[in-house]
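Working through the structure, step by step
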Amino acid sequence: MSVSRIERALLDSIDEAEILSLTAALIDAGGENPGDVEEKTAKVLAEHCRASGFDVRTVEVAPGRPNVIVSIGSDDRPGILFVGHSDVVPAGTGWTTHPFSAVVRDGRIFGRGACDMKGGLAAVVAAMTAVQRAGLADEYPMTLACLVDEEDTGLGIRAFVAEPEHRNYSRCVVAEPTDLVTIFGCRGAANLEIEVHGRSAHAGQPRNGANAISAAARIIALIENSQIELDADPDPDLGPATWNVGTISGGTGTSMVADHCVLTVDRRLLPGESAASVVDNLRSRIESAGITGSGIDVRIGIAMEMPGFLTSVNDGLVTTAVQSVLDTVSKPNSHSTSFHPVPDGHSAGSNPAHLTDIWTASCDGGFVAQRMGIETVVLGPGEIESQAHRPNESVAVQQLTDSARAYTLLATRMAALPGL
């Protein structure tokens with residue numbers, strides 16, 4: 001697709017130095033989660049955007065943890081919503097640079113959050129700046145929702161989608177690191193805590209007690225059988241839902257019948273599934289297997305739930321995102337080899353390079369799709385598997401600029417699609 005004169009002018013106005021400066025300032029602001037709050041990062045972003053003439057709104061979700069909602073343009077026509085987060089995982093050890101003092105070297109910027117996802121935030125702001133400076137904000141309205149607590153329990157996105165009123169959004173782009181691959185779907189996730197309570201007794205007379213660890217082992221067997229059933233009925237795009245028993249703890253001593261045991265379990269959810277329905281199904285299996293009773297009681301709690309989403313590969317958001325990347329990145333495969341074809345049986349519409357994929361991870365986009373009813377993709381700079389959550393985290397400087405350019409085209413082209 002050819003780039004129009006207006007689009008070319010917008011792309012030419014994007015300033016790589018400004019993107020790097022904001023990325024570095026956001027990295028330096030920290031925001032480890034758990035262990036810190038996002039207040040400094042939110043302040044850096046809000047002050048930068050106010051100085052650029054954007055509309056900035058902050059909503060404190062918890063003490064020192066404000067969501068920052070940044071908008072340009074009128075609400076008279078649908079705009080595009082970009083979603084990001086201000087927190088980062090703890091830095092950990094193994095760094096050769098200071099994790100919260102950004103360093104630019106060999107064409108990359110290093111620091112905790114460079115990839116996940118302060119570089120993505122800066123790229124979105126750069127795209128908004130290009131549109132604002134050109135006087136086109138009312139024609140191409142854009143919003144960035146920079147949210148807290150994405151790396152833990154999702155306080156920020158839950159508060160955002162629960163707001164009683166929102167601007168008029170046509171589509172959503174989550175600016176997480178995808179190496180500029182357009183992610184059109186991902187599974188959700190639920191963290192379950194299964195408490196098994198039994199009855200203690202001397203190990204010499206185990207029948208006088210009710211062994212909670214033995215009961216927990218039977219529950220694990222039920223989970224493994226459930227996985228076999230899930231594997232037999234995968235989603236054509238996202239694959240099967242999955243179980244993983246992450247931790248097990250229980251008992252008091254070798255010579256005592258265990259009166260308690262706790263399992264923590266990860267359950268990846270397909271779109272349309274809920275943690276509550278998964279718990280109900282597991283509880284029914286436990287009861288049918290006769291595990292409860294005779295001194296055994298089982299309680300299942302939901303520690304965390306994050307919904308998944310699936311957008312048609314033929315949706316205008318997907319095809320426009322892919323084309324916008326193609327029109328701004330001269331060699332899309334130069335950053336990595338992670339560009340994948342559309343799954344068998346699907347058409348990529350006008351997507352000539354088939355630069356789409358699905359995620360096995362989860363993200364805030366599922367909340368937007370589920371609670372706000374907005375078609376969603378994930379698209380951003382950085383390599384999540386090789387860079388995010390690792391020592392010496394970094395992102396290619398060129399990819400930050402490429403992302404800002406792609407976001408700019410995406411915002412202008414989505415505004416021109418019929419029916420929006």
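Each chain has its residues counted from 1, running along the sequence as written. At least 70 in pLDDT is required for a residue's local features to be given in this predicted model, at least 80 for side-chain atom pairs to be given and counted, and no such filter applies to totals for whole chains, interfaces and linings, which use all residues. Computation of side-chain values covers all heavy atoms of the structure but excludes hydrogens and water.

Topic: the overall build of the protein
We apply this condition: Runs of E in the DSSP output that reach at least two residues are strands. Runs of H or I that reach at least four are helices, and both are numbered from the N terminus. As defined in this context, the radius of gyration uses C-alpha atoms, and a globule is described by 2.2 Å times the residue total to the power 0.38. Only heavy atoms matter for contacts: two residues are in contact if any of them lie within 4.5 Å across the pair. Shrake-Rupley sampling with a 1.4 Å probe provides the accessible areas, and residues are treated as covered by the protein chains on show and by no other component.
Helix and strand content of the protein: ten helices and 16 strands. Here the protein has a C-alpha radius of gyration of 24 Å; the compact-globule value for 420 residues is 22 Å, and the two agree. Counting only C-alpha atoms and orienting by the principal axes, one finds that the protein spans roughly 85 × 45 × 40 Å. Considering only intrachain contacts with a sequence separation of at least 6, the fraction spanning at least 24 residues in the protein is 80%. Accessible surface computed for the protein: about 17,200 Å², of which carbon and sulfur atoms make up 49%.

Structural notes on the pairing of strand β2 (residues 65-72)
Quick note on the threshold: Burial here depends on accessible area, computed with a 1.4 Å probe over protein chains only, as a share of the maximum for the residue type. Under 20% is buried, over 50% is exposed, and the range in between is partly exposed. Strand pairing is defined by DSSP finding a minimum of two bridges between the two strands.
Where burial is concerned, most of β2 is hidden: eight out of the eight residues are buried. Burial along β2 is two-sided: R65, N67, I69 and S71 facing one way and P66, V68, V70 and I72 facing the other are all buried. Counting the residues that bridge the hairpin from strand β1 (residues 55-62) to β2 gives two residues, and of these G64 lies at a positive phi of roughly 75°. As defined by bridge partners, β2 adjoins strand β6 (residues 142-147) across five bridges and the pair is classed as antiparallel. For V68, the partnering residue across the bridge sits in β6 and is C146.

Observations concerning the sheet that holds strand β12 (residues 297-306)
Applied cut-off: Throughout, an axis means a line fitted to C-alpha atoms (over the contacting stretch in the case of helices), and angles, computed between N-to-C directions, take values from 0 to 180 degrees.
The strand order across the open sheet formed by four strands is β10-β11-β9-β12, and the pairing between neighbours is antiparallel. Edge positions in the sheet fall to β10 (242-250) and β12, since each has one partner strand and no second. Each strand axis lies, on average, 20° off the axis of its neighbour in the sheet, ignoring direction. Here β10 pairs with strand β11 (residues 260-269) via eight bridges, running antiparallel. Looking across to β11, one finds that W243 is bridged to R267. Contacting β9 (188-197), β10, β11 and β12, helix α7 (residues 275-288) crosses the sheet at an angle of about 160° to β12.

Points about the nonpolar core
Threshold: Buried Ala, Val, Leu, Ile, Met, Phe, Trp, Tyr and Cys residues that are joined via side-chain atoms within 4.5 Å together make up what is termed a nonpolar core.
Core analysis: the biggest nonpolar cluster contains 91 residues, and M142, L144, V173, I194, V196, I219 and Y407 have the highest contact counts within it. If one sorts the elements of this core by residue count, helix α4 (residues 114-133) sits on top with twelve residues. Not counting chain neighbours up to four residues away, the residues in contact with V173 comprise I80, L81, F82, V83, L317, V377, L379, Y407 and L410. Listed in part, the 25 residues of the second largest apolar core include L147, F160, V174 and F367.

Looking at the packing of aromatic side chains
The criterion, for reference: Each pair of aromatic rings taken from Phe, Tyr and Trp, with Trp reduced to its six-membered ring, is defined by centres within 6.5 Å and is described as stacked if the planes are under 30 degrees apart, edge-to-face if over 60, and tilted in the remaining cases. Each ring is checked for a lysine NZ or an arginine CZ that lies within 6 Å of its centre and within 35 degrees of its normal; such an atom marks a charge sitting over the ring.
This structure, assessed with the given rule, holds one aromatic pair. Ring geometry for F82 against Y407: centres 5.1 Å apart, planes inclined by 65°, an arrangement best described as edge-to-face. One end of the pair, F82, is in strand β3 (residues 79-85); the other, Y407, is in helix α10 (residues 397-415), and 325 residues separate them in sequence. In this structure, F82 and Y407 share a single accessibility class: buried. The cationic tip of R105 hangs over the ring face of F110; the distance from NZ or CZ to the ring centre is 4.5 Å.

Here's the deal with the packing of helix α1 (residues 5-12) against α10
The condition that has to hold: Crossing handedness: left-handed means the near helix sits turned counterclockwise from the far one by under a right angle, and right-handed means the same turn made clockwise.
Relative to each other, α1 and α10 sit at 145°, their axes nearing to 10 Å. Considering only the axes of α1 and α10, their crossing is right-handed. Facing E7, R8, L10 and L11 of α1, the residues of α10 in contact are R405, T408, L409, T412 and R413.

A word on the side chain of T311
Along the chain, T311 falls in the loop between β13 (309-310) and α8 (316-326). The class for T311 is buried, based on a relative accessible area of 2%.

Quick word on the packing of α4 against α10
Quick reminder of the rule: Every angle not falling under 35 degrees, over 145, or within 65 to 115 is termed oblique; those three ranges are roughly parallel, roughly antiparallel and roughly perpendicular. Classification convention: Asp, Glu, Lys, Arg as charged; Ala, Val, Leu, Ile, Met, Phe, Trp, Tyr, Cys, Pro as nonpolar; all other residues, Gly among them, as polar.
Between α4 and α10, the least distance of the axes is 8 Å, while the angle of their chain directions is 45°. The pairing of α4 with α10 is recorded here as oblique in orientation. The hand of the α4/α10 crossing is right-handed. Between α4, through G119, G120, A123, V124, A126, A127, A130 and V131, and α10, the contact on the second element is made entirely by L400, S403, A404, Y407 and T408. Here the contact of α4 with α10 is composed, by residue class, of nine nonpolar, four polar and no charged.

Looking at the sheet that holds strand β4 (residues 103-105)
Read across the open sheet, the three strands follow the order β4-β5-β16; overall the sheet is antiparallel. Both edges of this open sheet fall to β4 and β16 (394-396), since each of them pairs with a single strand only. For this sheet, the mean angle separating the axes of adjacent strands, direction not counted, is 25°. Where β4 and strand β5 (residues 108-110) come together, three bridges link them in antiparallel fashion. Counterpart to V103 in the pairing with β5 is F110. The sheet contacts of α4 involve β5 and β16, and relative to β16 the element is tilted by about 50°. α10 contacts β4, β5 and β16 of the sheet and is inclined by roughly 65° relative to β16.

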